[in-house]
Amino acid sequence: MTKTYLMSGLIEKMQSPDQDFRFMGLNDLMNEIKQDPNNFLGDEATENKVLRQVMALVEDKISEVKNQAVKCLGQLIKIIRESQMDFVVDKLIDFSSNKDEELRDISSLALKTITAELPLESQIAPKACAKLSPKLLQQLTNSATTPQGLVESLSILSILLTRFPAYFSSSTSLPLPLLTPLLSHPRPVVRKRAITTISQIIPLSSPDSFSEMLKNEIVPNLAPTAPNDKQKTIVQLVSSVARFSTQQISPVVGQITPAIVQSLQKEDEELRESCLQSIQALESLVFRCPTEISSHVAAVIQAGVQFIKYDPNYTAEVEDEDEEMANEDDGDDDDEELDEYSDDEDTSYKIRRSATKLLAAVIHTRPDLLSSILRDVSPVLIARFGDREQTVRLEVWATYSTLLSQVSTYGGPLTKSGEKTAGGKRKREGEMDVEESPQVLLKAQVPYLAKTLLAQIRSPKTATTTLQAGFELLKGILSVTPGSLTTQTPPIFAILKNTLSLSSSTATSGLHSTCLAFISSYFSTHPPTAFMNFLPGITPTLLKTCQERHPRVSSEAFRAFSSLLRALKPITSGDWVDSLYDLSVKKLSSSDTDTDVRTSAEQCIGTLWVCATEVMQTKDKKEWAVICRTTGRTEGAVEVVSMVAREVHIDDKWVNDCVAWVMVLLQKSGRNGKTDVFTCLDLLLRRYGPGLPADLPSTLLQHLRPYISTSDMPLLAHAVAIIALLLRLAPSTTFPLVERDFLKDVTVISCSPLASGAALESLLSFYGSLVEADIQIASHVIPNLVSVVEKPPKSEISYSNVAKCVAEVVKNQQGIAAGTISEFTRYLKSPKAKTSNTTLSLLVLGDDMSPQREVFNIAIEYFSDDQEEVRTAAAFAAGNIAIGNLPQFLPALVNMIQNDAEKRLLSLHSLKEVVTHCSHGQLEGFAEILWAPLFENSENSEEITRNVAAACLGKLSTTNPTKYIPQLHNRIKDANPTNRATVVAAIRYTFAESSPTFDELLGPILIDFLSLMLDPDLTVRRLALSALNSAARTKAYLIRDHLQTLLPTLYQETVIKPDLIRTVQMGPWTHKVDDGLEARKTAYETLYTLLDTCLSKLDLHEFLGRVIQGLADDSDEIKVICHMMLFRLPQLAPAAVSQRLDEITPLLEKSMKGATVTKDTVKQDLERAAELQRSTLRAIVALSKVTGSGNSPKFDRFVAEVRMSSQWAAEFKDLQGA
């Protein structure tokens, strides 16, 4: 069938007098275009006929046909020609000014549809904007346009501004001056729509345009003498501009905020209702411009506190709160009276709710004011817990939850005499606190807070949503101030019992889950004496909830019992314990039990064994048969068996059964959960009483055989550790099997450079256990290791690993030490020895062998070897040999440092081995003779030499801090930049020292060392930044109080400095080199560290500004660090992050585009770009979890595109579920 024939048939259908045929004709056309756009494209004359027929049906008398025509236009606009697009737009614009109201409505809908459906990256999009914009502006400036027409035109223009900002940014004439008169339109609906559109245009307009508008429209109409309607409109405009155009309005926030605050104080009650817009404007300014509004925060808080009480239609006298709390029955009557009061026309609750949101914005954005907020705002919020309007009441509770969250994040620990405060210092006796910590202030208010809250949820008539919100708030209180609800235990348990006794339904399942989560938290944070008397009343109810059919409720009930068991440990009796056991076994025995319920029931069984061991010993252990299953998910069961094996000794039969079960799990394919399985196996093997069963080693070793491979090093580490354990527990039966089946492979793996960390530790443990099992094997193991080293290829051998394994064998069999030393010394003396043998010999002799003068001298001779690996091994050997006899060998190393320039670096490396591995006591007597040479030889040296010297100086400083730290401090202002670099590098190596006396000495002067971030020398600045990073990680309590001074300098180092960028000629190409990159990267690494250790001292809005700047950095490494911070920030400051999403989105979009492929692009470029994309995706997923509805449409759209992308959809889903 030809295209022309197909299209002609569709036209015939669309021209049918039957409305169903017309509808189906349009529907078929849409389906054909979706299936293949080329079905429409081809013959221009046919295209025009089809398009004209669709446009004719826009005027159809049948609504369904018209709507289908509009949908069809949405598909056609993506593929039609430019001339055809002109026809569609002109026709729809003509329709929008038609006298027929229905036609105007459908044309507006069509215009919205085609603007929303235009492809973002298509060539037709800019042309459509160029065609539509003038037509829309013409209608907006036409005095004859109806209000409905104005609203529709503004809506269409908003869509264009949102989807195609680039077009308007490059446009020479923006419509801002043309739209400003609409702010004075008599119809509120037009003004409201104009406000949104103008706010979207302002970011794309020139600063002069906005300045003109500010001068002529905003400031004059915020004055007290301005007309009320005009003032109200401008306040709404300010609120909207703050959301869409933060950068434009932030410089004038200080100018307009007082006027908005003043507008709230008008006395006319009718005008008071309009204060809603003013409060919302203040909320937007607080969220979007927290720094600029700082000087007016006090006035904003005062306004929020004033209007949260605004209730002119309710004038009941408020009695003393304490008296009300004392008489609960009277309180119930009062609640009933409040519930009876109703006024459908009363909208004052909107003002109270907005005032509450305003206070929440201040709490979100000003953690530095937590103490004053708790003193001044917290009591007001608590007093409004009983607001008669439920929506306001819930908003107040949500705001208080925000306050609790901020105290938890920024409040610091509770301050008691002699304990560390938030800054990490100790309080001196008799010293008065200028300002109490937020934690202390909150804890003092908890009794009144809890009593007020409980009064609101104690009534049986309380709504489900209110009860749930109340218990969530109570749980939040416990998370910040554990154990603080002891005095409120009686009413809490009474309310819990009544609530959990409500009939179960879908509506109450969320409430029950929240109550059970709260009681779990309560049991975990309070002593048993607080609730023992109430257990007989609550445990039957909890047991009943364990049987609920709703999985969430049942699982939370089991978790609550687990918390109760841990709180009461040890438990020797109790009817409820037996009932809980029976219920748990019943749930585990059922094949249709939900996975989450099963997991929590398994945990409950494990907790019963740990906390009620005596009771469980009387049972028949039937629970293990249903826990230790080999099908379905077994992670929870493995965790439970591990917990019991770690803390309880049952009997060898139980251990045998569990080991057999674990061996079955080891045979399962895949590696998920295998680490936990190995951990469980290790715990079980250690639980055998007299010894392992005779047949167990052979059976278990067969299951471990597949894991002895370098393909999965973490699992290899666990498998080798289990073999080492078997050698220790059953040497006689295990050793022959290991020697026959495993030793050869383990020997080869030991020589691999892949063996590091946990894997290497397991291998060393294996050799130690092997030699202990049979001392004769030691004389065979070492030659086998050496033989592997001698085999090619040498690049796959780690001499260091082999040396460590040899040393481990010798350590466990001292009888072969002398022969081993002699053998490896022979290699060193032989002029024909291979490089591999020489390197290995030096490393072996340097790794805890007895100090011999001859070997030391030979090692020094190898300092001149041609091979770098030999020289490095010689330095290692000389240093470690010297440790055994410092008076004999150390002077020789010092002499070479002072007098032999060629051997100086290697001698320093040897000295570093000495300094690193010697105790303070060993070094103290030699520190003086080392100090001066190290400093002297760091001057005018290469950076690598200076760094080694600095490491030695740092360690030496800790041997006698009172003597050497002041000497380092005195050199801070040394004229020689290399000495300053050495000093600041050395101080970084002292941070490993953790004694209180050292901290007391370093604390007052640490800021002087870190002030070298301002040094004129780039190297010194970079090392000072690195020192700050180390201090933030290891001694954060020493720098927190100085961050106000340090942060401006740190932020300055994140800025790209053009004067440090130079152009290098590389053949026919030029290449830019940024000498400031390393310092900038260190600065960003420091920011990431501060986010973890000094969060309470950071201004997150300024901090976010630096992170956003880093996203635009030329360095991919810096972008990745910023992505890591964006991954953390949504958890720590969701409100602050959500307000900056519009700025973040374009930078993330750019990173997700990947590398631009050119003729010079290489594989490494593509790999780096792909890694950057994955890093960006992780940040996007984290940010997507905090976006509020409509908070950033730009970001929401971007996330939707990524989620639907064929390239990233699967990975996005995986990350989102992680």
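Residue indices begin from 1 for each chain and proceed along its sequence in written order. Predicted model: local features are reported for residues with pLDDT of at least 70 only, side-chain atom pairs are reported and counted for 80 or more only, and whole-chain, interface and lining totals are derived from all residues. Only hydrogens and water are removed before side-chain values are computed, so all heavy atoms of the structure are retained for them.

The protein is annotated in an unreviewed UniProt entry as Armadillo-type protein from Thelephora terrestris. UniProt positions are given in the numbering used here, feature names are shortened, and annotations may be inferred rather than shown by experiment. For the record of the protein, the UniProt heading Sequence similarities (unreviewed entry) holds the text "Belongs to the CAND family."

Numbered from the N terminus, helices here are DSSP runs of H or I no shorter than four residues, and strands are runs of E no shorter than two. A tally of helices and strands in the protein yields 68 helices and 2 strands. Dimensions of the protein, computed from C-alpha atoms along their principal axes, come out at roughly 110 × 85 × 80 Å. Taking all 1218 residues of the protein together, 52% fall into the buried category. The contact rule is simple, with two residues in contact once any of their heavy atoms fall within 4.5 Å. For the protein, the proportion of contacts with a sequence separation of at least 24, taken over those separated by at least 6, is 73%. The method behind every accessible area is Shrake-Rupley, applied with a 1.4 Å probe, and residues are considered shielded solely by the protein chains displayed. Only carbon and sulfur atoms are counted for the fraction: they give 50% of the accessible area of the protein, which is about 54700 Å². Burial status follows relative accessibility: with a 1.4 Å probe on protein chains alone, a residue under 20% of its type maximum counts as buried, one over 50% as exposed, and anything between as partly exposed.

A few words on the pairing of strand 2 (residues 1069-1074). Counted residue by residue, strand 2 has 0 buried out of 6 residues, so it is predominantly exposed. Paired strands, in this sense, are two strands between which DSSP finds at least two bridges. Examined bridge by bridge, strand 1 (residues 1061-1066) and strand 2 share 6 bridges and lie antiparallel to one another. Along strand 2, the bridge assignment pairs Ile-1061 with Asp-1074. Following strand 1, the chain reverses through 2 residues before pairing antiparallel with strand 2; Gly-1067 in that reversal takes a positive phi of roughly 65 degrees.

All right, on to the packing of aromatic side chains then. Each Phe, Tyr or Trp ring (for Trp, its six-membered ring) is paired with any other whose centre lies within 6.5 Å, and the angle between the two planes then decides the class: stacked below 30 degrees, edge-to-face above 60, tilted in between. The full count for this structure, using the stated rule, is 20 aromatic pairs. Plain terms: the ring middles of Phe-493 and Tyr-522 are 5.4 Å apart, the flat faces sit at 80 degrees to each other, and that makes the pair edge-to-face. Of this pair, Phe-493 sits in helix 27 (residues 489-500) while Tyr-522 sits in helix 28 (residues 506-525), and the two are 29 residues apart along the sequence. Take Phe-493 and Tyr-522: they sit in the same class, and that class is buried. On the basis of an interplanar angle of 20 degrees and a centroid distance of 5.8 Å, the ring pair of Phe-561 and Trp-576 is categorised as stacked. With Phe-561 in helix 31 (residues 551-568) and Trp-576 in helix 32 (residues 575-589), this pair connects stretches of sequence that are 15 residues apart. Grouping aromatic residues by their ring pairs yields a cluster made of Phe-471, Phe-493, Phe-518, Tyr-522, Phe-523, Phe-531 and Phe-534. Consider the ring centre and the ring normal. A charge sits over the ring if Lys NZ or Arg CZ is within 6 Å of that centre and within 35 degrees of that normal. In this arrangement the basic side chain of Arg-705 is found over the ring face of Phe-742, its NZ or CZ atom lying 5.3 Å from the centre. Taking NZ or CZ as reference, Arg-826 lies 5.3 Å from the ring centre of Tyr-827, over its face.

Now for the packing of helix 26 (residues 464-480) against helix 28. Close contact between helix 26 and helix 28 brings their axes to 9 Å; oriented N to C, the two are set at 20 degrees. By the angle between their directions, the pair helix 26 and helix 28 is classed as roughly parallel. Of the two possible hands of crossing, helix 26 and helix 28 adopt the one that is left-handed. Residue-level contacts link Thr-464, Leu-467, Gln-468, Phe-471, Glu-472, Leu-474, Lys-475 and Leu-478 of helix 26 to Ala-507, Gly-510, Leu-511, Thr-514, Cys-515, Ala-517, Phe-518, Ser-521, Tyr-522 and Thr-525 of helix 28. Residue composition of the contact of helix 26 with helix 28, by class: 10 nonpolar, 6 polar and 2 charged. Only the stretch in contact is used when a helix axis is fitted, and all axes are lines through C-alpha atoms; the angle between N-to-C directions ranges over 0 to 180 degrees. Every angle not falling under 35 degrees, over 145, or within 65 to 115 is termed oblique; those three ranges are roughly parallel, roughly antiparallel and roughly perpendicular. If you view the pair so one helix is near and one far, a crossing is left-handed when the near helix is turned anticlockwise from the far one by less than a right angle, and right-handed when it is turned clockwise. We call Asp, Glu, Lys and Arg charged. Ala, Val, Leu, Ile, Met, Phe, Trp, Tyr, Cys and Pro are nonpolar, and the rest, Gly among them, are polar.

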